[in-house]
Amino acid sequence: MSICYELGVLTSISFNGKKLILTEKECKLRLSAEQFKVLRKGGTEPPFKNGYFDNKKPGIYQCAGCALPLFSSNANDDSGTGCLSFWRAICEENVALERSYNPFSSGKKVPCSRCDGHLGDLFNDGPPPSGKRYCINSVSLKFIPNP
């Protein structure tokens with residue numbers, strides 16, 4: 001079992017290895033057109049014009065495609081890029097990393113481990129202690145505020 005973090009407290013909400021496999025038709029029924037474009041087709045939101053880039057509320061960000069907990073507001077970083085940024089995932093198993101084939105990107109693609117939905121990119125220019133910057137599309141997430 002891995003170490004996972006939720007608002008600074010150890011927890012066990014890591015990906016259990018069971019994939020959620022949906023057809024394109026099923027995805028279109030579950031997702032908005034914008035969510036489908038990003039999560040299933042690898043699209044990207046414009047900077048500063050997305051739902052959570054300036055969210056300061058405490059809570060958890062889940063995958064909009066399958067509700068897997070991905071990021072905590074505790075690890076949110078105001079990168080100044082206009083996208084939602086985190087310096088760590090809640091559990092490393094909850095986000096996969098894939099090589100980016102974009103010649104203009106130095107990062108890695110970040111899909112959800114459960115549903116393979118495209119979340120964003122990972123760069124190695126983030127703040128301490130990790131030095132990582134998960135640049136994540138707001139539309140690929142659902143924010144659950146702390147009670």
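Residues numbered from 1 in each chain as written. Predicted model: local features only at pLDDT ≥ 70, side-chain atom pairs only at ≥ 80, totals over all residues. Heavy atoms only, no water.

The name given to the protein chain in an unreviewed UniProt entry is peptide-methionine (R)-S-oxide reductase, with the source organism recorded as Simkania negevensis. Per UniProt, the protein chain carries the Catalytic activity (unreviewed entry) text "L-methionyl-[protein] + [thioredoxin]-disulfide + H2O = L-methionyl-(R)-S-oxide-[protein] + [thioredoxin]-dithiol". (UniProt positions renumbered as here; feature names shortened; annotations may be inferred.)

Peer 1: Which residues make up the environment of P69, and what values go with them?
Peer 2: Summarising the element assignment, P69 is placed in strand β4 (residues 69–72). C-alpha of P69 to C-alpha of I13: the two residues are 56 residues apart in sequence and 7.1 Å apart in space. (Helix = DSSP H or I, 4+ residues; strand = E, 2+ residues; numbered from the N terminus.)

Peer 1: Give me the lowdown on the packing of aromatic side chains, citing residues and values where you can.
Peer 2: Taken as a whole and assessed by the stated rule, the structure comprises seven aromatic pairs. Ring geometry for Y52 and Y61: centres 5.5 Å apart, planes at 75°, overall edge-to-face. Note on Y61 and F86: the rings are 5.2 Å apart at their centroids and 65° apart in plane angle, and the pair reads as edge-to-face. Of this pair, Y61 sits in strand β3 (residues 59–63) while F86 sits in strand β5 (residues 84–86); the two residues are 25 residues apart in sequence, bridging distant segments of the chain. (Phe/Tyr/Trp six-rings, centres within 6.5 Å; stacked < 30°, edge-to-face > 60°.)

Peer 1: I'd like to hear about the pairing of β4, residue by residue, with values.
Peer 2: Side chains on a regular strand alternate between the two faces of the sheet. Here β3 pairs with β4 via three bridges, running antiparallel. Across the sheet, residue Y61 finds its bridge partner in β4, namely F71. Between β3 and β4, which pair antiparallel in sequence order, lie five residues; one of them, A67, sits at a positive phi of approximately 70°. (Pairing = 2+ DSSP bridges.)

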